[in-house]
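Residue-level structural notes
Next come the chains, spelled out residue by residue.
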Amino acid sequence: MNKTIEKIVSLCKRRGFVFQSSDIYGGFSAVYDYGPLGVELKNNISQLWWKEMTQVHENIVGLDSGILMHPKIWEASGHIGAFNDPLVDCKQCKSRFRADEFSKEYQKLIWKEVKCPKCGTTGELTDPRQFNLMFKTSVGPVEESGTEAFLRPETAQGIYVNYQLVQGAMRMKVPFGIAQIGKAFRNEIIARNFIFRTREFEQMEMQYFVKPGKDDDSLIDWKNKRLKFYHQKLGVSKSKLRFHEHKNEELAHYAKEAWDIEYEFPFGWSEIEGIHNRTDFDLRRHQEFSGKNLLYFDQPNNDKFLPYIIETSAGLNRMLLTVLSDAYWEDSENNRIVMKIDPRIAPVKAVICPLVKKDGLPEKARKIVDQLKPLYRVIYDQQGSIGKRYYRQDEAGTPFGITVDHQSLEDDTVTIRHRDTQKQERVSSEQILNVLKDNI
Ligand code: GAP
């Protein structure tokens, strides 16, 4: 099977997972809209992450901070000084590229000798220039007199500046964590590979506050937990996941140690989540810039310190692309495309179909919909042949097809078709709920 990103993009549009933003105006680069199935899948993934962080871990609590924050935060965090991408322009064809996409050691390249990947001209690429990725805006009614503000490029800073309030309000004791899901914005120079790198995206970040000296062990612990989440909770193939450690030249300005969880996308191995040891960098900087004492008081040991932070930082949209890429399967034997999405996160859990549109079958099928819909997202479909209806739902990733036929009227049974194997079983109406419960 030749799994390409183009095929996934096309299925996403056809079935209502993801659309290019502003489509009727010819599109708006690097922004995407999530259709009916996309938003269900995205919500299911983020709810799973939220539950894993804040429900399974008693010492992790949630937060929802603003997208706009005090501009000084971005000075303290280093984003104003260091959140730059190196950028080269082709003077011939006017295309723009990230220098680090030519080579990780792009500083060593002699740009006069490098060929433009777009037009093929050699000697027309400029030397790299630094380009800040933050979106600027102004707060207040008049632009000139308003305060310059930024759309947050990561959710993490909202957690750091609230850490003491959360700790006090919830009486948290180190080690403890704060989790947040929210939008982030980056004016990416090169946005490509569909929803992999976009200018508006969602992050799911968790900042874990530990006593200095406990940070190395905590990082190992979180690396293991986060990798497991992908294959045990999202059902992503284990063989397509790996770790990549950041070498010195790759390390962000705040990090002592950093690991990426990578997935093998159709366009190659790429980062989906970062696990970073940020030390006390952020709290120290916010303490310095705000003038507020951010020390944690360890009462039992009568000790005061700035906690170290282990961060797990995932992109929700990238996680969704991981799930979609992993699920895409061309079943050539049966000439169908199947999205083998794990039933726990599938956008729709079951389609309920009357075999024909008459003889009381639609009414019986509707009753089943009414019985299931308070518990699960299910749909009713009576349009087209039963085969076509199943194949439509295979592409939508719906794990179960429940069909009501004439026998159903006689003995109150239905058939349940399983998406991946196409196997069918006959069960009584009462059993439907159990079959779904066992699998979801
Ligand atoms: N707080 C740390 C931080 O933001 P990052 O490596 O820059 O670290 C973390 O981003 C995650 O956010 C990435 O692993 C990725 O999943 C997601 N992400 C970053 N930039 C993105 C973009 N332009 N589009 C989509 N997701 C992005």
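The present account deals with the structure reproduced in this document. What you see is a predicted model, and the numbers here were worked out from it, not measured in a lab.

1. Overview of the packing of aromatic side chains
- For the coordinates displayed, the defined rule picks out 14 aromatic pairs.
- Ring centres 5.5 Å apart and planes at 75° place the aromatic pair Phe196 and Phe267 in the edge-to-face group. Taken as a pair, Phe196 in the loop between strand E9 (176-185) and strand E10 (200-210) and Phe267 in the loop between strand E12 (257-265) and strand E13 (268-277) lie far apart in primary sequence, 71 residues in all.
- With a relative accessible area of 9%, Phe196 lands in the buried category.
- Ring geometry for Phe243 against Trp259: centres 6.0 Å apart, planes inclined by 80°, an arrangement best described as edge-to-face. Of this pair, Phe243 sits in strand E11 (residues 241-245) while Trp259 sits in strand E12, placing them 16 residues apart in sequence.
- An aromatic cluster is present here, built from Phe196, Tyr263, Phe265 and Phe267 joined pairwise through their rings.
- Over the face of the ring belonging to Trp222 we find Lys225, whose NZ or CZ atom lies 4.6 Å from the ring centre.

2. Regarding the site of the ligand
- Around the ligand, the surrounding shell holds 22 residues, and the nearest of these are Glu154, Glu188, Thr198, Glu205 and Glu271.
- Contact between the ligand and Ile272: an oxygen atom at 2.9 Å from a main-chain N or O atom of the residue.
- For the ligand, an oxygen atom lies 2.9 Å from a polar atom in the backbone of Gly315.
- Burial of the ligand by the surrounding chains reaches 93%, relative to a free accessible area of 560 Å².
- Listing elements by their share of the shell around the ligand, those giving two or more residues are E10, E13 and strand E16 (308-315).
- The biggest single contributor to the shell around the ligand is E13, with five residues.
- Tallied by class, the residues present in the shell around the ligand amount to six nonpolar, six polar and 10 charged.

Rules used in this analysis
- Residues numbered from 1 in each chain as written.
- Predicted model: local features only at pLDDT ≥ 70, side-chain atom pairs only at ≥ 80, totals over all residues.
- Heavy atoms only, no water.
- Phe/Tyr/Trp six-rings, centres within 6.5 Å; stacked < 30°, edge-to-face > 60°.
- Helix = DSSP H or I, 4+ residues; strand = E, 2+ residues; numbered from the N terminus.
- Buried < 20%, exposed > 50% of the residue type's maximum accessible area, 1.4 Å probe, protein only.
- Lys NZ or Arg CZ within 6 Å of the ring centre and 35° of its normal.
- Near = heavy atom within 4 Å.
- Polar contact = N/O pair within 3.5 Å; in protein donor to acceptor, adjacent residues only side chain to side chain.
- Areas by Shrake-Rupley, 256 points an atom, 1.4 Å probe, with all protein chains shown as cover.
- Nonpolar A, V, L, I, M, F, W, Y, C, P; charged D, E, K, R; others polar.

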